[in-house]
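Per-entry structural report
As a plain string of letters, each chain reads:
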Amino acid sequence: MSEKINCPFCGNLIDADALRCEQCGALFKEPELPGIKFKEFGPFLAIDILTFGFFSTIWFFINGKAINKLSDGKRDCLKLNWLVALLAINGGFYLFYFFKQAAFLALFTLLQCIIYIALTYRVLRIIQKYTLRTYSAEIPFNPHYMLIFNILYLVHYIDTYKDRVYHVHEYFDWKSPQAIILIILLIIIVFVLRFYNELIFLMR
């Protein structure tokens, strides 16, 4: 039987190694997602813009192992690893057709967006389960932001993880400066993709 102590905030009897008081919700350890790199939204956004969005793909490979460690079962790891493998395969086809057929390039661009959405959802679910298991907190995510911004929303979600666990609410406000920046960036990405497709079409 584990040792019991009183919560220093409300006096409720809790396990000595508990991370959170079930009665008052007080945390006894700062919430974190160990091992995840490039989780600050600002630097990630800057690098992603400088690499024309290519860093978004690299980010999943850099953090794949750390995210797998957060999962509570082989099924989540398997789903994540399959999606990362699909992203790598699709990226290879994308580079192969970059200066060739515009139709195929557009197809692989669309597939890449779909894989990003699936990967973002899978990582968010892993983080949700880890948080519930570790800190007894259910933190929501906005499915609309996930569909529109996918990895940008994911990195913002991770960047604000501590506040989300402490306050347990949907942290992202569509009227916030971050949301406006993301919307502008999305518009720029769409125009850049159209420009690339037209340029490749003219070079044929």
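A few points on the structure. (Residues numbered from 1 in each chain as written. Predicted model: local features only at pLDDT ≥ 70, side-chain atom pairs only at ≥ 80, totals over all residues. Heavy atoms only, no water.)

Some details on the overall build of the chain
- Along the chain, the regular secondary structure elements total 8 helices and 2 strands.
- Secondary structure of the chain in N-to-C order comes out as β-β-α-α-α-α-α-α-α-α.
- Expressed as a percentage of its 204 residues, the buried residues of the chain come to 39%.
- Taking the intrachain contacts of the chain between residues at least 6 apart in sequence as the baseline, contacts between residues at least 24 apart amount to 60%.
- Put simply, the chain shows about 12,100 Å² of open surface, and 66% of that area lies on carbon and sulfur atoms. (Helix = DSSP H or I, 4+ residues; strand = E, 2+ residues; numbered from the N terminus. Buried < 20%, exposed > 50% of the residue type's maximum accessible area, 1.4 Å probe, protein only. Contact = heavy atoms within 4.5 Å. Areas by Shrake-Rupley, 256 points an atom, 1.4 Å probe, with all protein chains shown as cover.)

Describing unusual backbone geometry
- Within the chain, Phe 38 stands out as a residue other than glycine whose phi angle is a positive 55°.
- Here Phe 38 falls in the partly exposed class, since its relative accessible area comes to 37%.

Here we look at helix H1 (residues 41–50)
- Restricting attention to buried positions, one finds in H1 the residues Phe 41, Phe 44, Leu 45 and Asp 48. An end-on view of H1 places all buried positions within 100° of arc, on one side of the element. (Arc of directions from axis to C-beta.)

A few points about the nonpolar core
- Ranked by size, the top nonpolar core spans 40 residues in total, and within it Trp 59, Phe 60 and Ile 127 carry the most contacts.
- Elements represented by at least two residues in this core include exactly H1, helix H2 (54–70), helix H3 (74–96), helix H4 (102–135), helix H5 (143–149), helix H6 (151–159) and helix H7 (161–167).
- The element contributing the most residues to this core is H4, with 9 residues.
- Discounting chain neighbours no more than four positions away, the residues touching Trp 59 are Ile 36, Lys 37, Phe 38, Phe 44, Ile 67, Ile 151, Leu 154, Val 155 and Ile 158. (Core = buried A, V, L, I, M, F, W, Y, C linked by side-chain atoms within 4.5 Å.)

Section: the pattern of salt bridges
- A full pass over the atoms with the stated rule returns 3 salt bridges.
- Members of the salt-bridge network, linked through shared partners, are Asp 76, Arg 122 and Lys 129. (Salt bridge = Lys/Arg side-chain N within 4 Å of Asp/Glu carboxyl O.)

Here we look at the packing of H1 against H6
- Close contact between H1 and H6 brings their axes to 9 Å; oriented N to C, the two are set at 155°. Judged by the angle between their axes, H1 and H6 are roughly antiparallel. Listed contacts from H6 to Phe 41, Phe 44, Leu 45 and Asp 48 of H1 are Ile 151, Leu 152, Val 155, His 156 and Asp 159.
- For the contact of H1 with H6, a count of residues per class yields 6 nonpolar, 1 polar and 2 charged. (Axes fitted to C-alpha atoms, helices over the stretch in contact; angles between N-to-C directions. Parallel < 35°, antiparallel > 145°, perpendicular 65-115°, else oblique. Nonpolar A, V, L, I, M, F, W, Y, C, P; charged D, E, K, R; others polar.)

A short note on H2
- Spanning 17 residues, H2 covers 25 Å between terminal C-alpha atoms, matching the ideal 24 Å at 1.5 Å per step.
- At Gly 64, H2 shows its largest bend, some 55°.
- Regarding H2, the residues found buried are Phe 55, Ser 56, Thr 57, Trp 59, Phe 60, Asn 63, Gly 64, Ala 66, Ile 67, Asn 68 and Leu 70. (Expected span 1.5 Å × (residues − 1). Bend = angle between axes of the 7 residues up to and from the residue.)

Observations concerning a nonpolar patch on the surface
- A contiguous nonpolar surface patch, about 330 Å² in accessible area, is contributed by Phe 38, Phe 54, Ile 58 and Ile 62.
- With respect to the helices and strands, Ile 58 occurs in helix H2.
- Ile 58 sits in the partly exposed class, given a relative accessible area of 32%. (Patch = residues over 30% accessible without salt bridge, like charges linked within 9 Å, V, L, I, M, F, W, Y side chains within 5 Å.)

Topic: the side chain of Asp 48
- Looking at the element boundaries, Asp 48 is found in helix H1.
- Although Asp 48 is buried, it makes no salt bridge; Arg 164 carries the closest opposite charge, 17 Å away.
- Setting aside its immediate chain neighbours within four residues, Asp 48 contacts Gly 53, Phe 54, Phe 55, Ser 56 and Leu 152. (Lys, Arg positive; Asp, Glu negative; His and termini not counted.)

What about the packing of H1 against H2?
- It is the contact of H1 with H2, at a shortest axis distance of 7 Å, that shows an interaxial angle of 125°. Considering the angle they form, H1 stands oblique to H2. Of the residues in H2, those in contact with Phe 44, Ile 47 and Asp 48 of H1 are Phe 54, Phe 55, Ser 56 and Trp 59.
- Grouping the constituent residues of the contact of H1 with H2 by class yields 5 nonpolar, 1 polar and 1 charged.

Points about the packing of aromatic side chains
- Within this structure, the stated rule accounts for 9 aromatic pairs.
- Ring geometry for Tyr 121 and Phe 141: centres 6.1 Å apart, planes at 75°, overall edge-to-face. Placement of the pair is Tyr 121 in helix H4 and Phe 141 in the loop between H4 and H5, with a sequence separation of 20 residues.
- Overall, Tyr 121 belongs to the partly exposed group, its relative accessible area being 35%.
- Relative accessible area serves as the criterion here: at 14%, Phe 141 is assigned to the buried category. (Phe/Tyr/Trp six-rings, centres within 6.5 Å; stacked < 30°, edge-to-face > 60°.)

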